[in-house]
Amino acid sequence: MEAKKVAVVGGGLGGLTTAALLARGGCAVTLYERSKHLGGRAQTTDVEGFRFNLGPHALYRAGAGMRVLGRLGVKPRGRVAGESGGSYALRAGRLHTLPRGPVSLLTTDALQLSSKLEMARLLASLRRVDTEPLTHVPMRQWLDTRMSREDGRALVAALVRVATYASDLDALSAEAAVTQVQLALEAGVLYLDDGWAALVDAVAAVAKDAGATLEVSARVEGVVVEQGQVRGLRLSDGSVRAADAVVLAGSPRDVASLLPEDAVLAKEAEEATPIRAATLELGLSRLPRSEALFALGVDGPWYASVHSAYARLGPEGGAMVHVMKYLSPSSPEATEAELEAVMDVLQPGWREVLVARRFRPALVVSHLLPTASTGGLSGRPAPAVPHVAGLFRVGDWVGSEGMLSDASFASAESVERALLRHAGVAPRRLAVGA
Ligand SMILES: Cc1cc2nc3c(=O)[nH]c(=O)nc-3n(C[C@H](O)[C@H](O)[C@H](O)COP(=O)(O)OP(=O)(O)OC[C@H]3O[C@@H](n4cnc5c(N)ncnc54)[C@H](O)[C@@H]3O)c2cc1C
């Protein structure tokens, strides 16, 4: 049987994973990426020898990404974050021990005694919480039933922020938030050696080895649909490429723009609220306070983490630090000075050892905040576009599994299941480390 011809639009982790899975399953795959480089938001930039990801990136060890990468034989290299060193709660410009386990919970002055007991109870029971009934429950409401005092609520809200990047707890679905915190508690996260570009390169290599063609500087301008069935793509150079199936791996707006007549896709794009963050990347010749590796804002949406403490991200002896503000409708932007102030508390003297820096006032972390009003993760758009045969999408806003890149990986796997079933090719289980 002739292999099914599949076009993938977008060369981020979602598109590349789709291309790799489908090519290994026997499809003839061509991927089109409009920019000069593959990687999308998982790109890594070299600045003065420091490897800067596009904001702080952490791979959930119990998430869909690790599962799918394992099937592709990709083994991410790096270390589990937070295994050593000082982690702090940042409140009113001061550092307090961040309660991460029974001992730090006892010793921290970040919480009153009654909140410590509630927190201990919550942490002990969280893994067993059934998240299915929580799709339409706002996280704030759920939290209010579990923690009676404001200091405890603020700390849990901070833990939810670091796991989901979402700071609008009134909107965020408790199903999505609790599931993501459970994932973090289950096995923690990895910071990756050489940055997330290493992951991009590894997945791209698998796709190419399996026969996929990866075209960069190739902007797709439209999807060709005839009588409700996908026929191919139109590129910006005017050429048309035939395809039996098209997988769109960009944002909701990218998807809608490729089918401008489609009112359903236009509405989806209009209604998708993104999760955003402001980020400051810093390369230092050394760490002024070697033991201070992590700070999480409790009375404000702040984050700072020394990623190089767990991953190879710069010259020997140097330090690569990510600082971030979680943005929300009530705090939609940040100045560089706000982020610098977080560093002043965690690493006083950092300016004297500064080698490289980069500030981004607003990045899209994920294209869709899973809200209680839209039914959380379960309410996100499905990978298969129901009203156009042969049209699919993948990304961190698609499908009912995972947040952030885990959703991109999981939706790629859903498309594999759908297309290989239609093509009559059974999904292959691949050896880890192959
Ligand atoms: C600050 C920040 C922190 C993050 N932290 C984490 C984290 O800790 N853990 C985690 O798992 N995830 C994290 N993420 C999210 C993660 O980076 C993304 O979920 C993931 O990279 C998305 O991959 P994707 O392929 O779905 O989308 P993208 O990477 O956005 O790729 C889409 C690609 O499609 C291309 N494209 C779009 N339209 C067209 C067209 N018409 N023609 C050709 N090409 C097109 C674009 O150029 C782009 O390259 C973070 C993101 C940010 C910004």
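Residues numbered from 1 in each chain as written. Predicted model: local features only at pLDDT ≥ 70, side-chain atom pairs only at ≥ 80, totals over all residues. Heavy atoms only, no water.

Caption draft 1: Layout of the overall build of the protein chain. Counting its secondary structure elements, the protein chain contains 12 helices and 20 strands. When its C-alpha atoms are laid out on the principal axes, the protein chain stretches across 65 × 50 × 40 Å. Counting across all 434 residues of the protein chain, residues that qualify as buried make up 56%. The contacts of the protein chain with a sequence gap of at least 6 include a subset with a gap of at least 24, amounting to 70%. For the protein chain, the accessible surface area stands at approximately 18,200 Å², while carbon and sulfur atoms represent 51% of it. For the protein chain, the distance from the average position of its 47 positive side-chain charges to the average position of its 46 negative side-chain charges is 4 Å. (Helix = DSSP H or I, 4+ residues; strand = E, 2+ residues; numbered from the N terminus. Buried < 20%, exposed > 50% of the residue type's maximum accessible area, 1.4 Å probe, protein only. Contact = heavy atoms within 4.5 Å. Areas by Shrake-Rupley, 256 points an atom, 1.4 Å probe, with all protein chains shown as cover. Lys, Arg positive; Asp, Glu negative; His and termini not counted. Charge placed at Lys NZ, Arg CZ, Asp CG, Glu CD.)

Caption draft 2: The arrangement of the site of the ligand in detail. Around the ligand sit 34 residues in total, of which E33, H57, A58, S405 and S408 are the nearest. A distance of 2.8 Å separates an oxygen atom of the ligand from a polar atom in the backbone of G14. Between the ligand and A58, the relevant distance is 2.8 Å, taken from an oxygen atom to a main-chain nitrogen or oxygen of the residue. In the complex, 95% of the free accessible area of the ligand, which totals 1,000 Å², lies under the protein chains. If you list the elements that add at least two residues to the shell around the ligand, you get α1 (13-24), β19 (354-366) and α12 (405-423). Taken together, the residues of the shell around the ligand break down into 16 nonpolar, 12 polar and 6 charged. Two domains share the shell around the ligand, each providing at least three of its residues, namely domain 1 (5-41 + 198-271 + 375-423) and domain 2 (44-194 + 275-366). (Near = heavy atom within 4 Å. Polar contact = N/O pair within 3.5 Å; in protein donor to acceptor, adjacent residues only side chain to side chain. Nonpolar A, V, L, I, M, F, W, Y, C, P; charged D, E, K, R; others polar. Domains from an automatic or database assignment.)

Caption draft 3: Fine view of the UniProt feature "domain: Amine oxidase" (unreviewed entry) in the protein chain. Annotation from UniProt places "domain: Amine oxidase" (unreviewed entry) at residues 13-267. Helix makes up 40% of residues 13-267 and strand 22%. Its end C-alpha atoms lie 25 Å apart. (UniProt positions renumbered as here; feature names shortened; annotations may be inferred.)

Caption draft 4: Structural detail: the nonpolar core. Formed by 81 residues in total, the largest nonpolar core has its most connected members in M139, W142, L284 and V323. Structurally, this core is a two-domain feature, drawing no fewer than three residues from each of domain 1 (5-41 + 198-271 + 375-423) and domain 2 (44-194 + 275-366). Not counting chain neighbours up to four residues away, the residues in contact with V323 comprise A278, T279, L280, L282, Y303, A304, L339, V342 and M343. One finds V8, L72, L214 and A418 within the second-largest nonpolar core, a separate group that totals 41 residues. (Core = buried A, V, L, I, M, F, W, Y, C linked by side-chain atoms within 4.5 Å.)

Caption draft 5: Molecular detail of the sheet that holds strand β5 (residues 59-60). One open sheet accounts for 3 strands, arranged β5-β9-β6; its pairing is antiparallel. Every other strand in the sheet has two partners, leaving β5 and β6 (78-80) as the edge strands with one partner each. Relative to strand β9 (residues 189-192), β5 runs antiparallel, the two sharing 2 bridges. Bridge pairing links L59 to L190 in β9. (Pairing = 2+ DSSP bridges.)

Caption draft 6: Fine view of the pairing of strand β4 (residues 50-53). Relative to β4, strand β3 (residues 44-47) runs antiparallel, the two sharing 4 bridges. Across the sheet, the residue bridging to D46 is R51, located in β4. As consecutive antiparallel partners, β3 and β4 are separated by 2 residues, and within that stretch E48 has a phi angle of approximately 55 degrees, a positive value.

Caption draft 7: Highlighting helix α6 (residues 150-164). Between the first and last C-alpha of α6 there are 21 Å, a value that for 15 residues agrees with the 21 Å anticipated at 1.5 Å per step. Of the positions making up α6, those classed as buried are D151, G152, A154, L155, V156, A157, A158, V160, R161, A163 and T164. Y165 sits one or two positions beyond α6 and adopts a positive phi of about 70 degrees. (Expected span 1.5 Å × (residues − 1).)

Caption draft 8: Main features of the environment of Y165. Topologically, Y165 is positioned in the loop between α6 and α7 (174-187). Residue classification places Y165 among the buried positions, given a relative accessible area of 11%. Sequence separation between Y165 and Y326 is 161 residues, and the spatial gap between their C-alpha atoms is 6.3 Å. Among the polar contacts listed, one links the side chain of Y165 to the backbone oxygen of P56, at a separation of 2.7 Å.

Caption draft 9: Representation of the pairing of strand β16 (residues 292-297) in the model. Buried residues dominate β16, accounting for 6 of its 6 residues. For strand β7 (residues 86-91) and β16, the ladder comprises 5 bridges, and the chain directions are parallel. The partner of A89 across the bridge, within β16, is L296. Where β16 meets strand β17 (residues 302-306), 3 bridges bridge the pair, whose relative direction is antiparallel. Bridged to L296 within β17 is Y303. Counting the residues that bridge the hairpin from β16 to β17 gives 4 residues.

Caption draft 10: Broad picture of unusual backbone geometry. At S217, a position not held by glycine, the phi torsion is positive, near 50 degrees. Of note in this structure, Q227 is not a glycine but carries a positive phi near 45 degrees. Structurally, Q227 can be placed in the loop between β11 (220-226) and β12 (229-235). Owing to a relative accessible area of 81%, Q227 belongs among the exposed residues under this scheme.

Caption draft 11: Focus on the confidence of the model for the protein chain. Considering every residue of the protein chain, the mean pLDDT works out to 94; 96% of them sit at 70 or more. Scored below 50 in pLDDT, residues 423-434 makes 22 contacts in the model with residues more than four places away or belonging to other chains. (pLDDT = per-residue confidence, 0-100.)

Caption draft 12: Quick look at the layout of surface pockets. Size it by volume and the second largest pocket reaches roughly 310 Å³. As for the second largest pocket, its lining consists of 19 residues, of which R140, A157, R161, S167 and L169 are closest to the centre. Looking at the lining of the second largest pocket, the elements that each hand over two or more residues are α5 (139-146) and α6. Here the lining of the second largest pocket takes 5 residues from α6, the largest share from any one element. Across the lining of the second largest pocket, the residue classes break down as 7 nonpolar, 5 polar and 7 charged. (1 Å grid on protein atoms, 1.4 Å probe; cavity = no way out; pocket = protein on both sides within 12 Å on 5 of 7 lines; lining within 4 Å. Points joined across faces, edges and corners; volume = space filled by probe spheres on them.)

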